[in-house]
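Fold and geometry: a report
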Amino acid sequence: MTRHKDERPENEFNSDTETAPIEVQPLIEEDQARVPVLIVMSGEQIGQRHEIDTQRVRIGRADDAELTVQDVSISRYHAQVYQNREGRWCVRDMGSTNGTFVNGRRVEEAALSSGDRVQVGEAIIVGFEHQGRVEGEFYEKLYQAGTHDPALGIFNLSYAQERLEGDFRLARRQREPLSVLLLDLDNFRLVNEAHGRPTGDRLLRVVAELVSGRLRGEDVLARHGGEELLVVLRNTPLAGALALAETLRACISEAPLEVRGLEIAITVSTGVATYAEATPFRDHGELLAAAHSALHRAKLNGRDRVEAASMDDLSRR
């Protein structure tokens, strides 16, 4: 059907369209609705937001710090943000090795105003802000979009690589073991062909949820591409990493997973590699490459199995 130039479809807005009257509520909250927050503004955790809901927040590398930031130049308990008797928010250095700075000035203790920037260690900036609900949701969505895989809800490859690099530097400095697992779903292509890609994607989410439920709070689970999952285990020797990998393998293989009313049997092959003084990888890339070699060997040896990186993998660095 031919339409004249001055004709418009009924659903297209024009200058004659009347605006429907509705009750409009303001989206910007009053000042009293705003809450204090800390936002990591540099480093591998950039965008991470911590809403202050207690009278103190410790910043440091320790797992039980309220805001845990992984960087080799940060002390276990580096600085503390707290509310004084007058209700004013302040920051106090906790005897850190490399000091605490507010807006470029080194301090032992200082009052904070919204917009101040707190530097802990060599290059980590934490912003102090008073935010409302809309701002908080905005920052949280930015952080999720930049660090998480939208299909699985776990960390993405970019974040995992940055985190692994930082954890490797820390492990080498602290002389602690660092292990990685690479899990690959066996015959995943056949699942997609038999049941369709949406079912395959759902199955991968179920496996990711199962793996996540077995990890510690400080461990990292990320999508490494396709049907591969990467697990980074801080301060974990090879024996502990192998035990976890075997537990995950057994959990996945021993019970069929239900996806959209279908019971689908699935198995995983896993490669494990550990940084330790006895296996001195030069960087995180070599550690990950060794895990890849071990994963490839698990596939060749029949799938549904766990293989540790061998000396041959190390010699091919």
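The structure this text deals with has already been given above.
Residues numbered from 1 in each chain as written. Predicted model: local features only at pLDDT ≥ 70, side-chain atom pairs only at ≥ 80, totals over all residues. Heavy atoms only, no water.

**Focus: helix α5 (residues 238–254)**
For an α-helix the count is 3.6 residues per turn, leaving residues at separations of three or four pointing the same way. Let me state the cut-off plainly: A run of DSSP states H or I qualifies as a helix once it reaches four residues; a run of E qualifies as a strand once it reaches two. Both are numbered from the N-terminal end. Multiply 1.5 Å by the residue count of a helix minus one, and that product is the helix's expected span. Categorising residues by exposure relies on relative accessible area from a 1.4 Å probe, with only protein chains included: less than 20% of the type maximum marks a residue as buried, more than 50% marks it as exposed, and the intermediate range marks it as partly exposed. Contacts were defined at the residue level, with two residues in contact if any of their heavy atoms lie within 4.5 Å.
Across its 17 residues, α5 extends 24 Å between first and last C-alpha, which sits within 8% of the 24 Å expected from 1.5 Å per residue. A241, L244, A245, L248, R249, A250 and I252 are the residues of α5 that are buried. As for α5, its buried residues are in contact with β12 (178–185), α4 (197–212), β14 (228–234), β17 (268–275) and β18 (306–308).

**What about the pattern of salt bridges?**
Using the following cut-off: When a carboxyl oxygen of Asp or Glu lies within 4 Å of a side-chain nitrogen of Lys or Arg, that pair is called a salt bridge.
Taken as a whole, this structure holds 20 salt bridges when the rule is applied. D167 is paired through a salt bridge with R234; the nearest N and O atoms lie 3.8 Å apart. Highlighted residues: D167 in helix α2 (residues 157–174) and R234 in strand β14, separated in sequence by 67 residues. A salt bridge links E193 to R189, with the shortest nitrogen-to-oxygen separation between them at 2.8 Å. Residue E193 and its partner R189 are both found in helix α3 (residues 188–195); the two are separated by 4 residues, about one turn of the helix. As far as burial versus exposure is concerned, E193 and R189 are alike and both exposed.

**Remarks on the packing of aromatic side chains**
The following threshold applies: In this analysis, rings of Phe, Tyr and Trp, with Trp reduced to its six-membered ring, are considered paired at centre separations within 6.5 Å, and the interplanar angle assigns stacked below 30 degrees, edge-to-face beyond 60, and tilted for intermediate values. Criterion for a charge above a ring: Arg CZ or Lys NZ at most 6 Å from the ring centre, at most 35 degrees from the ring normal.
All chains considered together, the criterion is met by 2 aromatic pairs. It is R92 that lies over the ring of Y82; its NZ or CZ is 4.2 Å from the centre.

**What to know about unusual backbone geometry**
Residue N103 is not a glycine yet carries a positive backbone phi of 50°. Position of N103 relative to the elements: it lies in the loop between β7 (100–102) and β8 (105–107). The class for N103 is partly exposed, based on a relative accessible area of 48%. Positive phi, close to 65°, is recorded for R303, a residue that is not glycine. One can find R303 in the loop between α6 (284–300) and β18. Among the residues examined, R303 registers a relative accessible area of 38% and is labelled partly exposed.

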